[in-house]
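Report on the structure
One-letter residues, chain by chain:
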Amino acid sequence: MEAIQATDRQFSSKTIGRIRLGHSKFLIPDMNRATTHLLAATLRSFDIDAHVLPTYKGLDFGKKFTSGKECYPCLVTLGDLLYFIEEEKQRLGKAFQSGRYVFFMPESEGPCRFGMYNKYQRLVLDSFPELRELRITAATTTDGYSPEGIFDAEHVRSSKKAACLAMVLGDVMDRFIWRVRPYEKAPGRTDALAGQALHRLAGVLEQHGADSPLDRVLRELDEILAEGRAIIDSRVAPKPRIGIVGEIFLRMHQDSNQDLIRVLERYGAEVVNASMGEWLNYVSYDGLRQARRKLRLGLKLLRPPQVKSAIKEILSFGIPLLYQERLQKQVFKRARRRIDIAADHKIGNLEKILKQSGVFSFDIPTEACLSIPGIMHCACGGYNGVVNVYPFACMPSTTTSAVVRPLMHEWRFPYLDTPYDGSCQPNREAAIRTFMYQAEQHLARHGRGT
Ligand code: SF4
């Protein structure tokens with residue numbers, strides 16, 4: 001694959017932005033296995049030709065077409081896309097047409113670089129004459145990831161609800177695996193069940209996702225969780241509970257974080273990673289927060305148009321947030337009746353923790369305002385250690401580390417930073433082993449929550 005210099009830096013709305021999918025092949029980068037596969041299955045029920053890209057096979061492509069200064073998730077997802085395209089070209093030969101594909105790369109409005117991934121990827125695609133027709137569709141945080149303009153109008157609301165269900169199910173499945181695997185009666189049984197379970201849930205969503213799937217998937221989930229509970233060896237003593245926070249892609253993408261959760265489990269941990277739902281809820285919560293501030297200002301300055309537009313925004317962020325949190329609560333409550341997986345927190349509670357502590361503020365957006373109170377919650381809430389996972393040089397996670405590291409030292413609570421950039425750090429295992437030793441000590445002194 002050889003690139004030529006990109007000469008045209010004007011982005012065309014025909015190849016990047018809110019691209020309607022139509023009958024194109026919709027390519028979803030794999031961030032978290034359960035969630036992305038359940039999401040793709042759900043979208044197929046809406047007649048969208050959705051595919052999850054194979055991941056981490058195109059790392060050489062990603063490295064070749066980046067300078068090393070980009071965020072690591074940008075490199076990984078670019079590599080995944082270029083690898084897939086290369087495979088498609090070989091499979092289809094002269095029949096390959098890049099205009100048949102739409103790549104999904106969401107974005108945020110900043111302040112960090114998540115809004116630039118798809119622009120950079122567009123530049124790389126434009127540098128290949130044969131890939132200029134391949135489009136990138138981008139849902140954005142500015143409207144709470146609304147699929148408007150991407151899916152057909154009659155499916156906008158139902159597809160967003162169904163996608164939200166897929167995400168919550170993915171979170172429950174992940175927590176189920178992390179709850180059962182450290183205590184399984186025989187090695188490999190949890191992973192085998194999880195693989196089958198994902199297939200079963202995806203099957204239900206693919207068949208019924210567009211048609212009020214909640215009851216059906218919950219029944220299937222009940223059976224899966226009961227099967228999982230039977231795998232637990234009740235004679236194994238509770239292990240140190242370790243929370244994971246940090247940048248969402250790195251903490252979810254097991255190839256990029258070099259299978260961190262399994263390494264922690266190998267050294268005796270029971271892990272709870274922050275959820276995907278946390279980020280989706282945060283995006284709506286932050287939009288609602290900003291709209292409320294706009295309303296207050298509009299009322300103070302007596303500006304009716306500003307008041308009107310603020311009320312519209314409050315509804316457009318507040319209603320989805322209410323829906324997402326209710327659905328999350330409903331699914332988690334039902335799952336927790338079958339097996340004691342960790343519950344998820346509300347974003348409002350994280351803001352309260354920050355306000356009370358005064359160490360950071362929700363006024364500074366990005367993941368730092370989730371990770372910092374997430375760590376403090378773990379330190380006060382029955383955990384025995386926390387790991388902060390992030391791409392090397394990630395701005396919000398470095399901020400998190402700077403704020404939290406001295407605090408955890410003061411609280412004598414085990415805390416570990418784990419930055420990743422694709423290279424193998426020689427002292428990684430030693431650092432994790434030492435951290436787990438501290439977590440064992442913490443467990444012996446303080447016990448752990450249920
Ligand atoms: S969160 Fe970190 S990795 Fe993600 S875009 Fe921002 S700086 Fe880059």
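Turning our attention to the packing of helix H13 (residues 368-380) against helix H14 (residues 395-411). It is the contact of H13 with H14, at a shortest axis distance of 9 Å, that shows an interaxial angle of 20°. Classed by the angle they form, the pair H13 and H14 counts as roughly parallel. As H13 packs across H14, the resulting crossing turns out to be right-handed. Every residue of H14 that contacts H13 at Ala368, Ser371, Ile372, Ile375 and Ala379 is listed here: Pro396, Ser397, Thr399, Thr400, Val403, Val404, Met408 and Trp411.

In this section: the site of the ligand. Around the ligand, a shell composed of Cys71, Pro73, Cys112, Arg113, Phe114, Glu247, Glu367, Pro391, Cys394, Met395 and Pro396 is seen. Broken down by class, the residue content of the shell around the ligand amounts to eight nonpolar, no polar and three charged.

Here we take up the domain arrangement of the protein. Domain boundaries in the protein define domain 1 (16-146) and domain 2 (238-275 + 344-450). For domain 1 and domain 2, the distance between their C-alpha centres works out to 29 Å. The partner domain 2 presents 16 residues to the eleven residues of domain 1 that form the contact. When residues in the side of domain 1 that touches domain 2 are grouped by element, the largest group, three residues, is from helix H3 (residues 72-92). Of the residues belonging to the side of domain 1 that touches domain 2, the class tally is nine nonpolar, two polar and no charged.

Burial along strand E7 (residues 270-273) is two-sided: the residues Glu270 and Val272 and Val271 and Asn273 are all buried. Two strands pair when backbone bridges link them, and strand E6 (residues 241-246) and E7 are joined in this way by four bridges, in the parallel orientation. Bridge pairing links Arg241 to Glu270 in E7.

This paragraph deals with helix H12 (residues 347-357). For H12, the full list of buried residues reads Ile347, Leu350 and Leu354. Angularly, the buried residues of H12 cover 55° about the axis, an arc narrow enough to put them on a single face. Exposed positions of H12 whose direction lies more than 90 degrees from the buried face are Asn349, Lys355 and Gln356. Among the structural elements, helix H10 (276-300) and H13 are those in contact with the buried residues of H12. Looking at the residues trailing H12, positive phi occurs at Gly358, about 70°.

What counts, and where the lines are drawn
Residues numbered from 1 in each chain as written. Predicted model: local features only at pLDDT ≥ 70, side-chain atom pairs only at ≥ 80, totals over all residues. Axes fitted to C-alpha atoms, helices over the stretch in contact; angles between N-to-C directions. Helix = DSSP H or I, 4+ residues; strand = E, 2+ residues; numbered from the N terminus. Parallel < 35°, antiparallel > 145°, perpendicular 65-115°, else oblique. Left-handed = near helix turned anticlockwise from the far one by under 90°. Contact = placed C-beta atoms within 7 Å. Near = placed C-beta within 6 Å. Nonpolar A, V, L, I, M, F, W, Y, C, P; charged D, E, K, R; others polar. Domains from an automatic or database assignment. Buried ≥ 20, exposed ≤ 12 C-beta atoms within 10 Å, placed from the backbone. Pairing = 2+ DSSP bridges. Arc of directions from axis to C-beta.

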